[in-house]
2 protein chains.
Amino acid sequence: MSGRRDPEGRRRAIVEAACALIPEVGVGGLTHRLVAARAGVPLGATTYYFKTLDDLSEAALEHIARSSAEDLRAWAEALRGSADVAATVAALTEEYLADRPRALAEMELYLAAVHRPELRPLARAWFDGLVDVLGGHAGPVAAKAAAHLVDGALLHALSNERPLDTEGLATALRALLRPAA
Amino acid sequence: MSGRRDPEGRRRAIVEAACALIPEVGVGGLTHRLVAARAGVPLGATTYYFKTLDDLSEAALEHIARSSAEDLRAWAEALRGSADVAATVAALTEEYLADRPRALAEMELYLAAVHRPELRPLARAWFDGLVDVLGGHAGPVAAKAAAHLVDGALLHALSNERPLDTEGLATALRALLRPAA
DNA sequence: CTCGTACTAGTACACACGTACAACTCCGAG
DNA sequence: CTCGGAGTTGTACGTGTGTACTAGTACGAG
């Protein structure tokens, strides 16, 4: 696989450790030492690959945002062949929530973006992508509203550590996506 | 007003300083020294009134949650005499967002509750109250969905520092609250 | 008046932090 | 082979942290 020397692998290991840590301790709770320990590298390694702690957290959040946005490809495909768009979106949301840490990290990203404008594009990636996907099956206003609804449902499911009410979400999405207006 | 001694006033000043600080630095960024400086009291005062930093942040978050929940009384009243419930809720949401720091603090509360279960009742106060208020004008499923929608819209408005799309929100709420289904 | 208790205020301590850095090791270009 | 730069590692430094603690102050009960 890799000899003792493997800069790229090391960088990735550090980023992945940070990604795993963010849902546990929050973006603000991230620490060079914490990440280094989790990644199994000495302290010096994290400061070598990332000049500053903000750089490190940004790299991790970018990784997370990319991962979430990539999921949306599967959403688009599932919706293409779906008879009941609302039910499918609800089911996909439930699936998305199954990877709780990543969903949590996405929420952390939203809040981190409030005080770090450079993170806003990352924070918008998931939402904009979702609106895009939904836009194929509803008007722009309904798509945006549906995305808000999904994120609101996710937020509360995460915050209360409760399973998603998939049926209720589907019902609501059906109402939102109804062509009438 | 108050002589040099005023324990209750001091406690309140500390809590209010913490409330003002949370939207700025986040719950995790709160510090005894930061709060003390903002409140204009010596460091010893914050540790005297709150045995631990978590106690302090919890008191602040409780204050915020109470303040938000109290707003809902006005929501209920405004809705009682409203012909267009959806538009009224959208307008009230916009109003709520006008106090950006408090809305932000509420979101901080949501995320803080993830890792501090003792905060969950506080985090649920706003949401449950909102569902309650909306429940007077729609079925329970629609009310919950509408509350999710409102919170999702708030989250993104806060995260992107953008004004609320009040009209779009009203349209979506109208679709959600339609009695059909 | 007087005395104990609630409160005040400043300081101290041990610790974790971000970052800087110097010494060391490896490896590929010449 | 040699040598320079990239990668590695442990340590050091200054700062800020939560919390504990001591000494002092005001004030209401007796």
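- By the naming in an unreviewed UniProt entry, chain A is TetR/AcrR family transcriptional regulator, taken from Streptomyces macrosporus.

1. Here's the deal with the interface of chain B and chain A
- Taken together, the contact pairs 38 residues of chain B with 38 residues of chain A.
- When the buried area of chain B at its contact with chain A is split by residue, B:Leu111, B:His156 and B:Ser159 rank highest and sum to 18% of it.
- Applying the counting criterion to the chain B and chain A interface returns four salt bridges.
- Across the chain B-chain A interface, the total number found is 16 residue pairs in polar contact (both at pLDDT 80 or more).

2. So, the UniProt feature "DNA-binding region" (unreviewed entry) in chain A
- Following the UniProt record, the feature "DNA-binding region" (unreviewed entry) maps to residues 31–50 of chain A here.
- Taken as a whole, residues 31–50 of chain A contains 75% helix and 0% strand, while its terminal C-alpha atoms sit 12 Å from one another.

3. Section: the protein's contact with DNA strand C
- The local shell around DNA strand C holds 19 residues, among which A:Arg5, A:Arg33, A:Leu53, B:Arg10 and B:Tyr49 are the closest.
- The sugar-phosphate portion of DNA strand C accounts for 63% of its atoms within 4 Å of the protein, the bases making up the rest.
- A:His32 is positioned with one of its backbone polar atoms (N or O) 3.1 Å from a phosphate oxygen of DNA strand C.
- B:Tyr48 places a polar side-chain atom, nitrogen or oxygen, 2.9 Å from a phosphate oxygen of DNA strand C.
- Elements supplying a minimum of two residues to the surface near DNA strand C: α2 (32–39) and α3 (43–49) of chain A together with α1 (7–25) and α3 (43–49) of chain B.

4. Some remarks on the protein's contact with DNA strand D
- Surrounding DNA strand D, one finds 20 residues, the nearest of these being A:Arg10, A:Tyr48, A:Tyr49, B:Arg5 and B:Thr52.
- Backbone sugar and phosphate groups make up 59% of those atoms of DNA strand D lying within 4 Å of the protein.
- Within the side chain of A:Arg5, an N or O atom sits 3.5 Å from a sugar or linking oxygen of DNA strand D.
- Contacts to DNA strand D include B:Arg5, whose side-chain N or O atom sits 2.6 Å from a base oxygen.

5. A closer look at the nonpolar core
- Residues A:Trp75, A:Leu173, B:Trp75 and B:Leu173 are the most contacted members of the largest nonpolar core, which totals 142 residues.
- In this structure, B:Leu173 is in contact with B:Ala86, B:Val89, B:Ala90, B:Ala146, B:Leu149 and B:Val150, ignoring residues within four places of it in sequence.

6. Examining the packing of aromatic side chains
- The full count for this structure, using the stated rule, is six aromatic pairs over all chains.
- Where B:Trp75 meets B:Trp126, the ring centres are 5.6 Å apart and the plane angle is 90°; that geometry is what we call edge-to-face. One end of the pair, B:Trp75, is in helix α4 (residues 53–80); the other, B:Trp126, is in helix α7 (residues 120–135), with 51 residues separating them in the sequence. B:Trp126 carries the same exposure label as B:Trp75, and that label is buried.
- Within the aromatic cluster, the residues linked to one another by ring pairs are A:Trp75, A:Tyr96 and A:Trp126.

7. Some remarks on the layout of surface pockets
- Looking at the largest pocket, its volume works out to about 790 Å³.
- Lining the largest pocket are 29 residues; nearest its centre among them are A:Val27, A:Gly28, A:Gly29, A:Glu108 and B:Gly28.

8. Describing the side chain of A:Thr93
- Summarising the element assignment, A:Thr93 is placed in helix α5 (residues 85–98).
- A distance of 2.8 Å separates a polar side-chain atom of A:Thr93 from the backbone oxygen of A:Val89.

9. Here we look at helix α8 (residues 140–159) of chain B
Residue and element names in this part refer to chain B.
- Compared with the 28 Å implied by 1.5 Å per residue over 20 residues, the 28 Å span of α8 between its first and last C-alpha is a close match.
- Most of α8 is tucked away: 17 of the 20 residues are buried.
- One or two steps after α8, the chain reaches Glu161, where phi turns positive at roughly 50°.

The rules we used
- Residues numbered from 1 in each chain as written.
- Chains lettered and ligands numbered in written order.
- Predicted model: local features only at pLDDT ≥ 70, side-chain atom pairs only at ≥ 80, totals over all residues.
- Heavy atoms only, no water.
- Contact = heavy atoms within 4.5 Å.
- Buried area = accessible area lost by both parts, 1.4 Å probe.
- Salt bridge = Lys/Arg side-chain N within 4 Å of Asp/Glu carboxyl O.
- Polar contact = N/O pair within 3.5 Å; in protein donor to acceptor, adjacent residues only side chain to side chain.
- UniProt positions renumbered as here; feature names shortened; annotations may be inferred.
- Helix = DSSP H or I, 4+ residues; strand = E, 2+ residues; numbered from the N terminus.
- Near = heavy atom within 4 Å.
- Core = buried A, V, L, I, M, F, W, Y, C linked by side-chain atoms within 4.5 Å.
- Buried < 20%, exposed > 50% of the residue type's maximum accessible area, 1.4 Å probe, protein only.
- Phe/Tyr/Trp six-rings, centres within 6.5 Å; stacked < 30°, edge-to-face > 60°.
- 1 Å grid on protein atoms, 1.4 Å probe; cavity = no way out; pocket = protein on both sides within 12 Å on 5 of 7 lines; lining within 4 Å.
- Points joined across faces, edges and corners; volume = space filled by probe spheres on them.
- Expected span 1.5 Å × (residues − 1).

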